[in-house]
Structure formats: structure tokens, C-alpha cells
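Summary of structural features
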Amino acid sequence: MWTYLAKWVLKFRLPLLIAIALITALMGFFASRLQLSYEFSKSIPVNHPKYLEYQAFRRAFGDDGELLVVGLRTDSFYTLPVFTAYTRLQKRLKNIKGVETILSVPAAVDLVKDTATTSMAIRPVFPASIASPEALDSAHRLFERLPFYRGLLYNPDTRAYLMAVSLDKNLINSPARTRLINTILDSLHAFEQETHLTLAVSGLPLIRTVMSNRIQHEMQFFLLGSLILMTVILLAFFRSFSAMAISLLVVLIGVVWSMGTTELLGYKITLLTALMPPLVVVIGVPNCIYFLNKYHTEFLKGAGKENALVAMVSRMGVVTFMCNLSAAIGFAVFALTQSPILREFGVVAGINIMALFVVSFCILPPLLSYLPAPKPNHTRYIENPRIQALLERIERWVFQHRKAVFAGTALVLAVAVAGLFRLKSVGFIVDDLPKKDKLYTDLKFFEQNFHGVMPLEIVVDTKKRNGLTGSKALRVYARMDSLSQTIASFPETGRPLSVVEALKFVKQAFYDGDSAYYALPTDFDGAFLADYLSPKNAAGKNAGSFGRLLNSFVDTAKERTRLSVNMADVGTEKLPLLLDTLQKRAAQLFDTTHYKVTFTGSTVTFLVGSSFIINGLKESILWAFLLIAACMLYLFRSIRILICSLIPNIIPLVITAGVMGWAGVALKPSTVLIFSVALGIAIDVTIRFLVNYKQELGTHQGDVPATVSQTIRHTGISIIYTSLVLIAGFIIFCFSNFGGTQSLGWLTSLTLLVAMVTNLVLLPVLLIVINPKRNR
């Protein structure tokens, strides 16, 4: 069949090239429309209860990821130059399009009882213009008598101050958010230059924007870097500009197709799909090396150019097809998971790796047929004396030191298994950022001074309309206050913000600002505060901010209220324990008959999403093994060959997992990905070796040792070259700014290096042991 296809491709070479060119032009059009994803990773299925709860929260109360926080730690905050500069900064930020509200020390307000109107008047704590240090000191003393702001806008112990900037949710979910964030950062930088103080900036809008922009930048960097690297390697191997140009043309077409496919499927560029173009380059070049190596080998045997091309396709077509199929399976199994971001990556990768085979199959033979026959310097790499010496040494190990091979393998496996017991599974929201990155260090600033900025939302549902009105509301808020005190007792969580704190503020104001009365109103207090808390008076012209505060924490039906907590990025190991403790406390306070308490927010969805991704990736590894095993069984029709093919590929995965354990690399979404990817790519070497072994076995009348020897000599060069290309291609990911991408680079490279050794040394030994027809 493959001989027929080879002749067919050469016969219709011009129409095939035109068809590929037209398809590439169409894919290029779609690729030009591809957009960057401006959302957090969609890791939870849309029908999952936690996802539905989070969407219900967003509909009732708005997004929890719209807040950008600015931090400052200094002893000179209440000096006139610094405070006035800080006030000007707030005003500049407020005038930026996309900034909705700002909560900060200069914008702090006090509630003052107005007995004439039985309402709470809102007055600024700090005058709009402060002319003297004495006036600033007076306002400062008033501010510190308001417990509402303690722990929210300032930390008296560390002298740290916080400014919360609320952003337009439509802008931060659009391409315009980069300009908005950059404008804000420019204003902050101007303040730093004026005061010589350093600001810390964090919050989900900033984290999402910076990470998305870095993804876009790295996509371009890795694509260009991989192309340059492959160009150098191809020129070094083949010493032929034409061979290099054809190979690069194949992978560039593959890149265009991958980007066009992503757009056609309705997907956007995410942290995973951004890896697709450089992966296409890395995986596509070995296809070209396999074909070119066979073409040059057949040409050196004396076959003419056309016969060598036919032999290239007929002998290497099935090998390359199976190699691409196994690699596609290694990626496509992600489509079987329930995580949307993994499913998108699996679909795009699976389709385009098989498309790479089609492109290389339809382009390489026709273009090579138009080119002159290879020159002697183009095929000199086949007789590289160093490679030949290495292959002879491998052959001696296979035939003369089989026991040493098994003993060495067992020893390495024992060390690796010991490392497996040290392997931990933990992930963080900003886990992939370098520890010295400003985004990471600024996040730690807020964790040290304000217990973090990661949002946790707790919704209390009274299960009845107007359940939060009248005296019954005070009983609900009393339970919420108890829950708030429990939450605030943990070092990982900040002081919760809810209607409870606003009610405490009102009571303090009712008792003439005495901070001793900053407490939740009792039923007795309620009789006196009823008029001051009525919706009519709370929404008066002087109480707009207080009314907005109430409205943002209670839904329009007065049925549900929220309790907002900022917390540290504690990771997937501690977070479930913390949430379990808080949920148990909530269950003690709110009986399920009358109340429903829901824990949601970006922090919860991250935890559930990480769990989904890790479990999905574990399942994908199993599916990859099963599907690749089925392909190997179909290809070789032998259980013994199947076992021989899987062992050299399981061992590298075990060794990599052991290295992760010893090196302290945790199992998380970005590292579990490695195993399916590496298995799908590493099995290519096994297929290349075993297909050649099967083809040579008949030539040597079933003599297994002789066939193994010949296979090592014939396939060893291409296996070493392609493995080095793959290793070099993945090493480039080590230059990423994301820890997960770095791990993908060096751990996959390690896996492929070990796989090359096991397939060139252990696999031949296994073939001889299970087929001892003749021994040396």
C-alpha cells in the first residue's frame, strides 16, 4: 500500500503542492483572527456544581476579580509631602477611564449621627486640602478611632497602607485591559519617583493581565527560538540548505495550520494552546529527519533518485504515520478529560500532529523530486565516525553485558521508586511565577501585611424573600459575626468584610463615634437604630457610599448576603483543610433547614479546577497507555513485542517521577502534563526501532541477534539525531518565565534522553532474551 501511495504522491506532486498551498493560505487567514484569552483558565466543567455556584454569585453580586490593590509600607505616611502625594495619586487613578471606585486612607469617611433627619451623614475624615501638619495629625487621630478601617486599609503593626481600586469588569475582560493596567502602573511609577517610596501592586486583574501578556510574548519567543534552533541543527546534520529549507517549510505550514485550527474550533490562546506552535516545530522536524535519512540511505545504496524516494515513502511512511499517531494520542487523550482548558489543548494538538504527517507526506517527496540528487557532503552524516563508534559500543553492551544492563536498570529504578515516595501534590495560583518576580514578591507583601488578596466569598441564603429585613436580620448577622471571628483567627485569612462591619460602624456613629461601641447592634440597640438603618435614610443624598456598600453585600431580594474574605495563596494542600474547618463552623452556626451557606469565589474554583486537571491528567496517562498499546499490538500482532515496547517507555516515566520526588518538584497541573506528552513522543523511538526490526527479520531468516545488530546500525543514527532534536527543542522551554513551562522543558527532555538510552540498549536486550534463537 505504501509503495502505491509513494508512486501516487510523486505522480500528482504538483496538484498536491497547490492544494497544500491553498489550504495553508486559508488557515493563515483564520490564524490572523486568533485572539488571546482574557479569562482565567477554564479548568472546571460548565455543569459542575462549583462552577454553577460561582456563576450564580457573579449574577447576584458581580465579579470577585475586579479589585486591584496598591500597598505601601513606610513610617512617613502621615508626613505632609507623602500624604499629599498619596492623595494626588488617588485622584489621578480615579480619573483613569476604567477605574470605577477607590477605597483608600485619604478617601476614608466617617458616619455622623444626624438627629434632625434620623439618618447617618457621611463626612470625609481627611479634608480635600490639608495645609498644615497639625490638620493632618488631627485627621489622623480621628481615622485611627475608626476600627472599620483597621486591617482593611492599614496595618498598625507593620505600618502598611492599602489602596483598593475597583475596575470596570467589561474592560478587564477585553484587550483594552492591558492599556488600562499600564496607565495605572505609570501613575504608580510617577508616585514612586516623586516620593522615593516603593509600591506593591497585586490583585487578579493585574495577575491575569501580566500572565496573558507574557504568554503572548513567550509564544512568539519560543516559536522564533525553536525555528532558529532547528535551522542550526538541520544544517549541522545534513550540510544542505535545501534539506533545511524543506524541513522548515513543513513545520511552518504546520504552525499556520495549528493556529488556524485553534481559531476554527472557536478557541483562544491560553497558557497551553500557546505551546502548540513551538511544539509543532519540535515534533515536525523529526518527521523530516526520518524521511531524509531514509532517502539518503537508499540513495547511497545505489538506487536512483526516484527509486530512493519511492523506497523512502514505502519504508518510512508506516513508521512516520505510527510515530505521529502515538504522539497525537499522547496529546489527544487530554480531550477525554472534563477540564475545558485541557480538552481544548488535546483537540488542537491531536488534530495538528496528524496534520503534520499529512503535510510532510505531501510536501517532502514532491519537493525532493524537483531538487537535484544529494551530493556526497549531504550524506556524510550517515558515516559519522563518532556516531558509528557509539553504536558499536551499544552493540557490545547489548550482546556482551546483558546482565549488567538489567542490573543497572534495576538499580536506577530502585532509586527512582524511592523518589516516588517523596513526591507531593500541591499547586498555587501563582505557582508558576519565579520567586523573585515582582508579581510574586508583591503578592507576598500583601500576604505578610494584609493576609493576602485572593478572594474567598461566602454566601448566606435565608431561603426566603426579605429574609434580611427587620429584627430577624440581626440574628442572621450575629451568626455571620461569629463566623467572621473564626475566619479572622486564621493567619492565612484577613478580616472579612460584610454588612456586619457596616452595622458596627453605624452603631459606633450612633454612640457619638465612641470606638468602644464598634460592635454588632443588639435587639435593644435595634429599637433606637431602626430609623437610621431604614432603606429610606440609608440611601439618602449624604449616604450614597454607605448605600452602595449595603447594596453590594445584599442581593435585591434581600434574601442572600455575602461575606468577602481576602486570603493568602495557601496552595491546594492547605486550602481544603482550611475550607473544611470553616464549613464545619458555618454548619454549626446556620442550620440547613433555614439557611444555605455556599463557599465560592476564584479561590474555590481554582482548588476545584486544579483537582480536575490533576485527576484528568492521571486518567489521560492511563488512556494513553491503553491506546498506544492497542496501536502497537495492531502493528506488530505480538504480545511479546508489545511487552518489549512498553517496558523501555515506562521506565523513563518512573525515573522522571523519581527525579521530581528527589528534586522537590511537586505534582501539579503543569507537571502532570509531562507524562502523557513524553510517553506519546518517546514511543516514536520504539516504533522506529521495532518496525525496522520487523522489516529486517525476514531478510535474516528469523535470526534475532543478527536482526537486532543490523537494526541498531540502521536505525541508531536517526534515533540519536531525532532524540537530540527533540531534547534540544524541549530544552528551549526552560527559558520560560513560568515554572510549569520550565518543568515541561527539562523534565520532558530528561524523559526523552532516558527513553533514547532504554530503546537503544534495553529494548534490543529484551528482544534477544524473549527470542533466544541464536546467541553470541
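What you see is a predicted model, and the numbers here were worked out from it, not measured in a lab. Position labels on residues start from 1 in each chain and follow its written sequence. Residue-level local features of this predicted model are given only where pLDDT is at least 70; pairs of side-chain atoms are given and counted only at 80 or more, and the full residue set underlies all totals for whole chains, interfaces and linings. Hydrogens and water are ignored here; the side-chain numbers use all heavy atoms of the structure.

**A look at the packing of helix α11 (residues 305–332) against helix α12 (residues 340–370)**
For any two helices packed against each other, the geometry comes down to the angle between their axes and how far apart the axes lie. Axes here refer to lines fitted to C-alpha atoms; in helices the fit is confined to the stretch in contact. Angles between the N-to-C directions go from 0 to 180 degrees. Runs of H or I in DSSP of at least four residues are treated as helices and runs of E of at least two as strands, each being numbered from the N terminus. Packing of α11 against α12 brings their axes to within 9 Å, and their N-to-C directions diverge by 175°. Our classification of the angle between α11 and α12 gives roughly antiparallel. Think of it as three bins: nonpolar holds Ala, Val, Leu, Ile, Met, Phe, Trp, Tyr, Cys and Pro, charged holds Asp, Glu, Lys and Arg, and polar takes everything else, Gly as well. Of the residues contributing to the contact of α11 with α12, the split by class is 18 nonpolar, six polar and one charged. When an angle is under 35 degrees it counts as roughly parallel; over 145 it counts as roughly antiparallel; between 65 and 115 it counts as roughly perpendicular; any other value is oblique.

**A few points about the packing of aromatic side chains**
Each Phe, Tyr or Trp ring, with Trp reduced to its six-membered ring, pairs with another whose centre is within 6.5 Å; inter-plane angles below 30 degrees give stacked pairs, above 60 give edge-to-face pairs, and intermediate values give tilted ones. Under the counting rule described, the total for this entry stands at 30 aromatic pairs. Here F143 and Y149 contribute two aromatic rings whose centre-to-centre distance is 5.4 Å and whose plane-to-plane angle is 25°, an arrangement assigned as stacked. The burial state of F143 is the same as that of Y149; both residues are buried. Between R13 and the ring centre of Y370, over which it is positioned, the NZ or CZ distance is 4.0 Å. Criterion for a charge above a ring: Lys NZ or Arg CZ within 6 Å of the ring centre, and within 35 degrees of the ring normal. The side chain of K435 reaches across the aromatic face of Y440, ending 5.2 Å from its centre. Summary of the burial criterion: residues with accessible area below 20% of their type's maximum are buried, those above 50% are exposed, and those between are partly exposed, where the area comes from a 1.4 Å probe applied to protein chains only.

**Focus on the pairing of strand β1 (residues 67–73)**
Within β1, five of the seven residues are buried, which leaves it mostly tucked inside the rest of the structure. For two strands to be treated as a pair, DSSP must find at least two bridges joining them. Pairing of β1 with strand β6 (residues 160–167), which is carried by seven bridges, proceeds in the antiparallel orientation. Bridging from a neighbouring strand, G71 pairs with L162 of β6. Two elements, β1 and strand β7 (residues 199–202), share four bridges in a ladder whose sense is antiparallel. Among the inter-strand pairings, V70 is bridged to a residue of β7, identified as V201.

**Some points on the sheet that holds strand β8 (residues 454–461)**
Strand pairing in a sheet relies on backbone hydrogen bonds, with the paired strands running either antiparallel or parallel. Taken in spatial order, the three strands line up as β9-β8-β10 in an open sheet, and their pairing is antiparallel. The sheet terminates laterally at β9 (560–567) and β10 (596–600), the two strands that pair on one side only. Direction aside, the axes of adjacent strands within the sheet are offset by 20° on average.

**A short note on the nonpolar core**
What makes a nonpolar core is a set of buried Ala, Val, Leu, Ile, Met, Phe, Trp, Tyr and Cys residues whose side-chain atoms join them at distances within 4.5 Å. Counting 147 residues, the largest nonpolar core has F331, F334, L673, V708 and L767 as the members making the most contacts within it. No other element matches the 16 residues that helix α24 (residues 669–699) contributes to this core. Here L767 is in contact with I641, C644, F689, L690, Y693, V704 and V708, once residues within four sequence places are set aside. L72, Y86, L578 and A586 belong to the second-largest nonpolar core, a separate cluster that totals 116 residues. Contacts are assigned to residue pairs with any non-hydrogen atoms lying within 4.5 Å of each other.

**Considerations on unusual backbone geometry**
Although it is not a glycine, R159 sits at a positive phi angle of roughly 55°. Here R159 lies in the loop between β5 (154–155) and β6. The class for R159 is partly exposed, based on a relative accessible area of 44%. Even without glycine at this site, H196 takes up a positive phi of about 60°. Examined against the element boundaries, H196 turns out to sit in the loop between α7 (177–195) and β7. Of the residues examined, H196 reaches a relative accessible area of 71% and is grouped as exposed.

**Some details on the side chain of N692**
Tracing the backbone through its elements, the reader meets N692 in helix α24. The contact partners of N692, leaving out residues within four places of it in the chain, are T711, H714 and T715.

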